[in-house]
Amino acid sequence: MTETQAREEICRAGRSLFERGYVHATAGNISVRLDDGFLITPTDACLGFLDPARLARLDANGRQTGGDRASKTIALHTRIYAAARRFDANTACVIHTHSTHCVALTLKDPGDELLAALTPYFVMKVGHVPVVAYHRPGAPEAAEQVAQAIERFGAAGTPVRAVMLTRLGPNVWHDTPAAAMSVLEELEETARLQVLAGSTPAPLDAEQIDELRRAFGARW
């Protein structure tokens, strides 16, 4: 993907997420890792009304070289790229939202992971979602704990594509904005099912999960 294509894809994903209610107001951000740096949505930008030419451009060291002022979450995004690419070298897009049902699940103690293996597509497309304790937005401690979670699950043979920040929202990643958006959609839909169910439903059992691994290479 060229830089021009990446700019267009960030704006397309942002508009789609906004129009369908996955983000609101100026919450959320999207970044793409380029060969020589990063693009990220500007601070306090509404994802529904992004201008490709005004996206923040940073060099490989995270120094801004163009566009509007970068979102403060670029530090977290760069930590995610560094950690996640150890287990999936194609990781090139990170999306952060304040998706309603995901956040709602963290208002009560969700434990170490946001969701159990509730549906086959959650197991296949998302996988484990470790929960990081609350820190203020942009806190370096949160970035450190996110990186540690990625490394811990990856080392155990279950690489993750999402981490949940308590009371803030999920960070998801994949190789393109469209693919990362798909992970976010599946995660939020599963969280919605959990909220609607009320009490915790029984998860898929070990045999059912193993079948998904064999058939589809599930990430659980």
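Since the model is a prediction, treat every value here as computed from it, not as a measurement.

(A) Layout of the overall build of the protein. Looking only at helices and strands, the protein features 7 helices and 8 strands. Its C-alpha radius of gyration of 17 Å places the protein within 12% of the 17 Å reference for a compact globule of 220 residues. Expressed along its principal axes, the backbone C-alpha trace of the protein runs to roughly 50 × 30 × 30 Å. Out of the 220 residues in the protein, the part that is buried amounts to 50%. Taking as baseline every contact in the protein between residues at least 6 positions apart, the subset at least 24 positions apart corresponds to 64%. Counting 23 positive and 26 negative side-chain charges, the protein places the averaged centre of each group 3 Å from the other.

(B) Region of interest: the nonpolar core. Formed by 43 residues in total, the largest nonpolar core has its most connected members in Leu-114 and Leu-187. Contributions of two or more residues to this core are made by α1 (3-19), β1 (29-34), β5 (93-96), α3 (100-106), α4 (120-125), β7 (162-165), α6 (177-197) and α7 (206-216). Among the elements that take part in this core, α6 stands out by supplying 6 residues, more than any other. Listed in part, the 23 residues of the second largest apolar core include Ala-84, Ala-147, Val-160 and Val-163.

(C) Looking closely at the layout of surface pockets. By volume, the largest pocket is sized at about 390 Å³. Around the largest pocket, the lining comprises 25 residues; the ones closest to its centre are Asn-29, Lys-72, Thr-73, His-96 and Pro-137. Among the secondary structure elements, those contributing two or more residues to the lining of the largest pocket are α2 (74-84) and α5 (140-155). For the lining of the largest pocket, the per-class residue count stands at 12 nonpolar, 9 polar and 4 charged. Looking at the second largest pocket, its volume works out to about 300 Å³. Around the second largest pocket, the lining is made up of 13 residues, and of these Leu-105, Pro-110, Leu-114, Gln-194 and Thr-200 lie nearest the centre.

(D) Geometry of the sheet that holds strand β3 (residues 56-59). With mixed pairing, 8 strands are arranged side by side in an open sheet as β4-β3-β2-β1-β5-β8-β7-β6. Looking at strand neighbours, the two that pair on one side only are β4 (64-66) and β6 (131-132), the edges of this open sheet. One ladder, built from 4 bridges, connects strand β2 (residues 37-40) with β3; its direction is antiparallel. Bridge pairing in β3 places Ile-40 opposite Ala-56. The sheet contacts of α6 involve β1, β5, β7 and β8 (169-174), and relative to β8 the element is tilted by about 140°.

(E) Geometry of α7. One side-chain oxygen at the N-terminal end of α7 lies 3.2 Å from the backbone nitrogen of Glu-207; it belongs to Asp-205. At the C-terminal side of α7, Gly-217 shows a positive phi close to 65°.

(F) Seen up close, the UniProt feature "domain: Class II aldolase/adducin N-terminal" (unreviewed entry) in the protein. As annotated in UniProt, the feature "domain: Class II aldolase/adducin N-terminal" (unreviewed entry) corresponds to residues 8-195 in the numbering used here. From the first C-alpha to the last, residues 8-195 spans 34 Å; its make-up is 38% helix and 18% strand.

(G) View of the packing of α2 against α5. Two elements in contact, α2 and α5, have axes whose closest approach is 9 Å; the angle formed by their N-to-C orientations is 15°. When the interaxial angle is binned, α2 and α5 end up roughly parallel. Our pair here, α2 against α5, has a crossing hand that is right-handed. Residues Leu-76, Arg-79, Ile-80, Ala-83 and Ala-84 of α2 form the contact with α5, whose participating residues are Ala-143, Glu-144, Val-146, Ala-147, Ile-150 and Glu-151. Residue composition of the contact of α2 with α5, grouped by class: 8 nonpolar, no polar and 3 charged.

(H) Structural detail: the pattern of salt bridges. If you walk through the whole model with that rule in mind, you get 12 salt bridges. Between Asp-36 and Arg-57 there is a salt bridge; the shortest N-O distance is 2.9 Å. In this pair, Asp-36 sits in the loop between β1 and β2 while Arg-57 sits in strand β3, placing the two residues 21 residues apart along the sequence. Exposure remark for Asp-36: the relative accessible area of 46% places this residue in the partly exposed category. With a shortest N-O distance of 3.2 Å, Arg-63 and Asp-59 are connected by a salt bridge. Residue classification places Arg-63 among the exposed residues on the basis of a relative accessible area of 52%.

The rules behind these values
Residues numbered from 1 in each chain as written. Predicted model: local features only at pLDDT ≥ 70, side-chain atom pairs only at ≥ 80, totals over all residues. Heavy atoms only, no water. Helix = DSSP H or I, 4+ residues; strand = E, 2+ residues; numbered from the N terminus. Rg over C-alpha atoms; globule rule 2.2 N^0.38 Å. Buried < 20%, exposed > 50% of the residue type's maximum accessible area, 1.4 Å probe, protein only. Contact = heavy atoms within 4.5 Å. Lys, Arg positive; Asp, Glu negative; His and termini not counted. Charge placed at Lys NZ, Arg CZ, Asp CG, Glu CD. Core = buried A, V, L, I, M, F, W, Y, C linked by side-chain atoms within 4.5 Å. 1 Å grid on protein atoms, 1.4 Å probe; cavity = no way out; pocket = protein on both sides within 12 Å on 5 of 7 lines; lining within 4 Å. Points joined across faces, edges and corners; volume = space filled by probe spheres on them. Nonpolar A, V, L, I, M, F, W, Y, C, P; charged D, E, K, R; others polar. Pairing = 2+ DSSP bridges. Axes fitted to C-alpha atoms, helices over the stretch in contact; angles between N-to-C directions. Polar contact = N/O pair within 3.5 Å; in protein donor to acceptor, adjacent residues only side chain to side chain. UniProt positions renumbered as here; feature names shortened; annotations may be inferred. Parallel < 35°, antiparallel > 145°, perpendicular 65-115°, else oblique. Left-handed = near helix turned anticlockwise from the far one by under 90°. Salt bridge = Lys/Arg side-chain N within 4 Å of Asp/Glu carboxyl O.

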